[in-house]
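# Structural description and commentary
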Amino acid sequence: MRALSFPLHSMLFLACSALMASAAQAADPKVLNLYSARHYQTDEALYANFTKQTGIRIQRVDADDAGILARLKSEGTSSPADVVLLVDASRLWRAEVDGLFQGVRSPVLEGKIPAQLRGKDSGQGSPWFGFSTRARMVIYNKQMVSKTDVDTYEKLANPKLQGKLCTRSGSHPYNLSLFGAMTERLGAAATENWLKGLVGNMARTPKGGDTDQIKATASGECGVALVNSYYLARMLRSNKSEDRDAVERIGYLMPDQSGAGTHMNIAGGAVARYAQNRDAAVKFLEYLASDSAQAYFADGNNEWPVVKSVKITNPALDSFGAFKTETTPVSVIGMNQVKVQQMLDRVGYK
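This text gives an overview of the structure that appears in the document. Keep in mind the model is a prediction, meaning the values are calculated, not measured. (Residues numbered from 1 in each chain as written. Predicted model: local features only at pLDDT ≥ 70, side-chain atom pairs only at ≥ 80, totals over all residues. Heavy atoms only, no water.)

### Side note on the overall build of the protein chain
Summing up its helical and strand segments, the protein chain has 15 helices and 11 strands in all. For 350 residues, the compact-globule estimate of 2.2 N^0.38 gives 20 Å, and the C-alpha radius of gyration of the protein chain, at 20 Å, lies within 12% of that figure. By its C-alpha atoms, the protein chain is 65 × 40 × 40 Å across when sized along the principal axes. For the protein chain, with 350 residues in total, the buried portion stands at 54%. (Helix = DSSP H or I, 4+ residues; strand = E, 2+ residues; numbered from the N terminus. Rg over C-alpha atoms; globule rule 2.2 N^0.38 Å. Buried < 20%, exposed > 50% of the residue type's maximum accessible area, 1.4 Å probe, protein only.)

And the structure:
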């Protein structure tokens, strides 16, 4: 298995595109070209196990979601990509709308993956499938904020939290997806007003990733923050003293347990529109829904499996307990992202 990583505009990126596009003209059924936005070391075992089971070797190109979508567009019909893995619902929806995927009909995938975690079948099969989920959680500094003041997403806009809220960029896909879900729950006008309240409560200009929000909340720079569950789970499982100290200073919860439920984002995959090795691509997606692969997602990268029958042995995920999740289809959430971005611009959410 080979992993390559390139800046989007580099000479090396373009050279590799030309090389792989040339190779795609003579497709090898024993080679799968994978474009992946999953940058998790534990996934190496996931891919190696697929090769061991099938004899199909994986050639992997790593980039972020936006880089992969730009690359697929620029390569067009010459793209060597067979499978595309992305880590956010809004990006999966964007790729679907841009015609970068092809529909797949698979009894295996349709039998294992819930309908709300698949792209809508418009007659040619589902364009993408979710394979793992992450919760958009609330964390808070136990010395600064009361749990009951932050146990719903809507409460984060309450003026009593003025100067205490921290998030990463509002335009980051993790937030776009949450805000798209809130648009379905509240309607556009109420969601925009809620976003305005979030901006008014900011402790600082949005910056950094979710781990940065956890550390800033632990230090007292922030009183409350939004984070994806797998970032917190990493720290809960960490052996580093600074991570353990940070976790001890914060509280965390799954919001909206008396309402619509906690927002769940997904990591998912699709067969690329111009895949040369379609059979191998579908086989790989079906493998990702297998019990062994689902266990890798849970135990290796702290994500919840989408196949309900899979048993997990991750103490960090277990510590979150059972909780109510939202039921809004991921495809509907993705459709709201353009509307949400316009709201963010109007309210000044950086």
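### Brief notes about the side chain of Asp-65
In this fold, Asp-65 is placed in helix H3 (residues 65-75). Setting aside anything within four residues of it in sequence, one finds Asp-65 in contact with Ala-37, Leu-86, Val-87, Asp-88 and Arg-91. (Contact = heavy atoms within 4.5 Å.)

### Here we look at the layout of surface pockets
If you add up the space inside the largest pocket, you get close to 500 Å³. Lining the largest pocket are 23 residues, and of these Thr-133, Met-264, Trp-304, Lys-308 and Thr-325 lie nearest its centre. Listed by contribution, the elements that provide at least two residues to the lining of the largest pocket are strand E10 (264-272), strand E11 (304-305) and helix H13 (315-319). Its residues assigned to classes, the lining of the largest pocket shows 14 nonpolar, six polar and three charged. Looking at the second largest pocket, its volume works out to about 240 Å³. Taken together, 15 residues line the second largest pocket, and the ones lying closest to its centre are Asp-64, Asp-65, Val-87, His-172 and Tyr-174. Mapped by element, the contributors of at least two residues to the lining of the second largest pocket are H3, helix H6 (173-186) and helix H9 (229-237). (1 Å grid on protein atoms, 1.4 Å probe; cavity = no way out; pocket = protein on both sides within 12 Å on 5 of 7 lines; lining within 4 Å. Points joined across faces, edges and corners; volume = space filled by probe spheres on them. Nonpolar A, V, L, I, M, F, W, Y, C, P; charged D, E, K, R; others polar.)

### Some thoughts on helix H7 (residues 188-200)
Given a rise of 1.5 Å per residue, 13 residues ought to cover 18 Å, and the 18 Å separating the end C-alpha atoms of H7 matches this to within 8%. Buried residues in H7 make contact with strand E7 (165-166), H6 and helix H15 (337-347). (Expected span 1.5 Å × (residues − 1).)

### A word on the packing of aromatic side chains
All chains considered together, the criterion is met by 12 aromatic pairs. When the centroid spacing of 6.2 Å and the interplanar angle of 35 degrees are considered together, the rings of Tyr-47 and Phe-284 count as tilted. Separated by 237 residues along the polypeptide, Tyr-47 in helix H2 (residues 43-54) and Phe-284 in helix H11 (residues 278-288) bring together distant segments of the chain. With respect to class, Tyr-47 is no different from Phe-284; both count as buried. Geometrically, the ring pair formed by Phe-50 and Phe-284 is edge-to-face, given 5.0 Å between the ring centres and 85 degrees between the ring planes. With Phe-50 in helix H2 and Phe-284 in helix H11, the pair connects residues that are 234 residues apart, well separated along the chain. Phe-284 matches Phe-50 in its accessibility class, with the two residues each being buried. These aromatic residues form a ring-pair network of at least three members: Tyr-40, Tyr-174, Tyr-230 and Tyr-231. (Phe/Tyr/Trp six-rings, centres within 6.5 Å; stacked < 30°, edge-to-face > 60°.)

### A word on the packing of H7 against H15
With their axes 9 Å apart at the nearest point, H7 and H15 run at an angle of 45 degrees to one another. Judged by the inter-axis angle, H7 sits oblique to H15. In this structure, the crossing between H7 and H15 has a hand that is right-handed. Residues Ala-188, Thr-191, Glu-192, Leu-195, Lys-196 and Val-199 of H7 form the contact with H15, whose own contacting residues are Lys-339, Met-343, Leu-344, Arg-346 and Val-347. A class-by-class count of the residues in the contact of H7 with H15 yields six nonpolar, one polar and four charged. (Axes fitted to C-alpha atoms, helices over the stretch in contact; angles between N-to-C directions. Parallel < 35°, antiparallel > 145°, perpendicular 65-115°, else oblique. Left-handed = near helix turned anticlockwise from the far one by under 90°.)

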